[in-house]
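Breakdown of the fold
Spelled out from the first residue to the last, the chains are:
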Amino acid sequence: MSLLSVRNLRIYYSSSRGIVKAVDGVTFDIEREETLGIVGESGCGKSTLAMGLLDILPPSANISGEIILDGENILEKEKEYLRKIRHEKVALIFQDPMTRLDPLMKIKDHFLETFRSHKRDVKEEEALRIAGNLMNSVGLSPEVLDYYPHELSGGMRQRAMIALALVFNPQLLIADEPTTSLDVIVEAQILQLMNKIKKEFHMSIILITHNLGIVAEMADRVAVMYAGKIVEIGSLADIFTRPLHPYTRGLLGSVITLESRELVTMPGEPPDLINPPKGCRFAPRCPYAIEMCMNSEPSLQEAVKGHSVACFRALELMEERDILYRGDIAEKAD
Amino acid sequence: MAERKGSLRSYILSRIILAIPMLLIIITFVFFIMRVAPGDPVAAMLGPHAPLAYKEKLREELGLTLPLYQQYLNYLAQVFTLNLGSSLTTGDSVATDIFVYYFPATLELTIFSTIVALGVGIPLGKIAAVKRDKKADVVIRLFGIIIYALPIYWFGFMLQLLFGYYLGIFPTGGRLSPGITPPPHITGLYTIDSLLTGNISTFLDALWHLALPSITLGLILSGVFIRTIRVNMLNTLQSDYVQAARARGVDEKEVINRHAYRNALVPVVTIMGMEIALLFAGAVLTETTYSFKGMGYLLVWSIQNRDYTMVQGAVIVYSIIIILFSGIIDIINAYIDPRIRY
Ligand SMILES: Nc1ncnc2c1ncn2[C@@H]1O[C@H](COP(=O)(O)OP(=O)(O)OP(=O)(O)O)[C@@H](O)[C@H]1O
Ligand code: SF4
Ligand SMILES: [Mg+2]
């Protein structure tokens, strides 16, 4: 049984402009001790998905579908059960460590509060001892516990956030663009740290990013998101060497042509999530679009074992052998 | 750290330097307004039927026969030697009257009003934010807007009428009941002095007299706190650290109280700074309504009796106090809010 199975998850925001279908029928599984990379352009619903998995969405959001963690659909559970799951089983770290810690609280108070919320019987000294050990494992001195957030650099804060995420040894760590706000050197250090703790703590990781380089380095499997949907999901090698969806190919193409690993050069704009195109959401930008694509929506289907894609023409495209080949990544992945 | 202190010092210095021309303008303004306004201090002092010669003599003694510019210069010289003169009506030292008697009364009123304003405004603002757009929020917001817009005079009068005359729960005016002697002067604040000397019944009587004026002024000021706390808390409730706390499975009550509420309180000092002038101005009106013998009462009384020196003294002291208080609040603020500090 998978650690986490997400089935047909929909998250719609009601806004003054209309209903924003930020996550629209997302389905995927994540196995134990596996890293799943989720990539997609800005605004495609990645953070919404991350928040949805912990059910910490703002009140304007409406969530439906199934989130099955360890065999239980958490969306059917009462509030208190959900609250306990957060951080004990699934921990979340965010893009902007600068604003994620309460400016009026010392780092150690964040730990103490977390213990108080979940394990009342743990004494303060014991909690601080655990916190100190975790600080060591993320490469910070336990003295940092006595600092206020504004006294730490961005990298230190993200390390502190990671240490905080580890207190109850969660089974799943969701990292929403954990290094986007950090410089490249710190980014590399944080990624290395995440790989280290993943092994040490036997965790699964969902790594959300728009940086393909990071995905290539970190992920075992990759899901590609476009306009609120997963359009392709498969192993790292599948996605990087045998991409099936025209969007994925476009992303990889832009990597190669620009030698930049950011997803910036795809022509056209992602669709409006309030009024998405009727058929395939990628159709307006898709070089392979045919009549059918404008009228009906392709569903995510397994094309090859373990490799699913939502495109009517995926199999046709698979025949074409002009597909991009990223030798270095393929070697590493295979 | 050194840098912070340095910038704080220059901040304080600039505040002081800015205050000087401000004071000068106020002093000048008061002087000429009092001279231009109709009414004769000598007539007010001696009554309408005093002999003319006697009046002239007094006028000369008081320096009121000198040319206006001469009077003005004398007055400035006096002010700068920190001599506020003596009252034209009672002959008492203006400074003593103000500092021993009237200012402590006002200070007492403003302190209690602030307590009421915070005590009502902060919890209501918090409830409104947590119950955003629900019935409680709508009611509280409406209350905040209406209370802020009410004229103090009218509101004070209504409370006086209802609780003083009609229900008779609270006294309608004064600082102490007749027959109760004021506590020995230590700070001039009756509540504090009576407590310091262990006189509980005087303390309770002083508190009882403070109730209506403080509630009047405090409720009016609470409108601003309601609004600001509500807005601040709506922001902090949506802040990243609040969301992160929720993601850590922190109990929603703790999320609200520990993270959202505490952070929303930080700007309260700023609002208090902005409210200082309103507070003291409100005190003038409230004191008149309740014959509460503070600075406002003194000011109105002295104007009515053409007591030039007393009016001038009161205005000068009042201005200095307001400037001082808002300065102190600004500095406290600069100290706790790093965004101002740097
Ligand atoms: N509270 C909200 N109310 C209405 N719409 C929202 C809200 N939050 C997000 N959205 C919309 O939902 C969509 C998905 O947003 P989300 O933040 O999940 O994207 P993302 O993939 O994380 O983007 P980024 O890479 O920029 O972080 C966007 O179109 C966004 O405008
Ligand atoms: S379904 Fe059609 S439009 Fe959509 S990606 Fe495939 S080919 Fe392009
Ligand atoms: Mg995001």
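Within each chain, residue numbers correspond to sequence positions counted from 1 in written order. By the order in which they are written, chains take letters starting at A while ligands take numbers starting at 1. Local features in this predicted model are restricted to residues of pLDDT 70 or higher, and side-chain atom pairs are both shown and tallied only at a pLDDT of 80 or more, whereas totals for entire chains, interfaces and linings draw on every residue. Only heavy atoms go into the side-chain values, all of them from the structure, while hydrogens and water stay out.

Summing up its helical and strand segments, chain A has 13 helices and twelve strands in all. Each of the three principal axes of chain A carries a C-alpha extent, and together these read 65 × 45 × 40 Å. When accessible area is computed with a 1.4 Å probe and restricted to protein chains, residues below 20% of their type maximum are described as buried, those above 50% as exposed, and intermediate ones as partly exposed. Within chain A, the proportion of its 334 residues that are buried is 55%. Here the contacts in chain A between residues at least 6 apart in sequence split such that 67% fall between residues at least 24 apart. Only the protein chains shown count as cover for residues, and the accessible areas themselves come from Shrake-Rupley with a 1.4 Å probe. Split by element, the accessible area of chain A, about 14500 Å² in all, is 51% carbon and sulfur. A distance of 3 Å separates the average location of the 38 positive side-chain charges in chain A from that of its 48 negative side-chain charges. Strands here are runs of E lasting at least two residues and helices are runs of H or I lasting at least four, both read from the DSSP assignment and numbered beginning at the N terminus. Here, residues are in contact when the closest pair of their heavy atoms is within 4.5 Å. Charge convention: Lys and Arg are scored as positive, Asp and Glu as negative, and His as well as the terminal groups of each chain are ignored. For charged residues, the charge sits on one atom: NZ in Lys, CZ in Arg, CG in Asp, CD in Glu.

Turning to the pattern of salt bridges, a few remarks are in order. By convention in these notes, a salt bridge is any Lys or Arg side-chain nitrogen within 4 Å of a carboxyl oxygen on Asp or Glu. Applying the stated criterion across every chain yields a total of 33 salt bridges over all chains. With a closest N to O distance of 3.9 Å, Glu177 of chain A and Lys46 of chain A form a salt bridge. Here Lys46 of chain A lies in helix H1 (residues 46-53) and Glu177 of chain A lies in the loop between strand S7 (172-176) and helix H7 (184-201), a separation of 131 residues in the sequence. With a shortest N-O distance of 3.0 Å, Glu108 of chain B and Arg175 of chain B are connected by a salt bridge. With Glu108 of chain B in helix H5 (residues 94-130) and Arg175 of chain B in the loop between helix H7 (152-166) and helix H8 (190-196), the pair connects residues that are 67 residues apart, well separated along the chain. Across the pair, exposure class does not vary: Glu108 of chain B and Arg175 of chain B are buried alike. Each member of the salt-bridge network shares a partner with another, and the members are Glu113 and Arg116 of chain A together with Arg248, Glu254 and Arg258 of chain B.

Facing the 16 residues of chain B at the interface are 23 residues of chain A. Summed over both partners, the accessible area lost on bringing two parts together, with a 1.4 Å probe, is the buried area. With both chains or domains summed, chain B and chain A bury close to 1800 Å², and 50% of this area falls on carbon and sulfur atoms. Three residues, Gln243, Ala247 and Arg248 of chain B, lead the burial of chain B against chain A; their summed loss comes to 34% of the area buried on that side. In this structure, the connection of chain B to chain A is made through five salt bridges. Across the salt bridge formed by Arg100 of chain A and Asp240 of chain B, the nearest N and O atoms sit 3.8 Å from each other. Polar contacts, as used here, are pairs of N or O atoms within 3.5 Å; protein pairs need one atom able to donate a hydrogen and one able to accept it. Residues neighboring in sequence count only if both atoms are side-chain atoms. For the pair chain B and chain A, the interface holds 13 residue pairs in polar contact (both at pLDDT 80 or more). Among the elements of the structure, helix H10 (240-247) and helix H11 (252-265) of chain B are those that each provide at least two residues to the side of chain B that touches chain A.

All names here are of chain A. Examined against the element boundaries, Asn211 turns out to sit in the loop between strand S8 (204-209) and helix H8 (212-218). Its relative accessible area of 12% is what places Asn211 among the buried residues. Expressed as a C-alpha distance, the spacing of Asn211 and Phe240, which sit 29 residues apart in the sequence, is 13 Å. Separated by 2.9 Å, the side chain of Asn211 and the backbone nitrogen of Gly213 make a polar contact.

At 3.6 residues per turn, the α-helix brings residues three or four places apart onto the same side. Residue and element names in this part refer to chain B. One fewer than the residue count of a helix, multiplied by 1.5 Å, yields its expected span. Helix length check: helix H9 (residues 200-237), at 38 residues, gives a terminal C-alpha distance of 44 Å against a target of 56 Å (1.5 Å per residue), a shortfall beyond 12%. Note that bend, as reported per residue, equals the angle between axes fitted to the 7 residues terminating at that residue and the 7 residues originating from it. Remark: the principal bend of H9, roughly 35°, maps to Ala211, with a proline, Pro213, within the next four residues. Counting buried residues along H9, 28 of its 38 residues qualify, which places the element largely inside the surrounding structure.

Residues and elements named next belong to chain B. Patches here are clusters of residues that have more than 30% relative accessible area and form no salt bridge, with a 9 Å joining cutoff for like charges and a 5 Å cutoff for nonpolar side chains (Val, Leu, Ile, Met, Phe, Trp, Tyr). On the surface, Tyr153, Trp154, Phe157, Met158, Leu161, Leu162, Tyr165, Tyr166, Leu167, Ile169 and Leu285 cluster together to form a nonpolar patch covering roughly 1100 Å² of accessible area. Ranked by the residues each element gives to the nonpolar patch, the list is headed by H7, at eight residues. Here Leu162 is to be found in helix H7. Look at Leu162 and you get partly exposed, because its relative accessible area is 38%.

All names here are of chain A. Read from one edge to the other, the open sheet built from eight strands follows the order S6-S7-S8-S3-S9-S10-S12-S11, with strand pairing classed as mixed. A strand with exactly one partner marks an edge of an open sheet, and here the two such strands are strand S6 (90-93) and strand S11 (301-304). The average angle at which neighbouring strand axes cross in this sheet is 20°, direction not considered. What makes two strands pair is DSSP finding at least two bridges between them. Pairing of S7 with S8 involves five bridges; the strand directions are parallel. Paired with Leu172 across the bridge in S8 is Ser204. Lines fitted to the C-alpha atoms define the axes, with helices restricted to the stretch that makes contact. Angles between their N-to-C directions range from 0 to 180 degrees.

In short, shape yes, function no, at least from these values alone.
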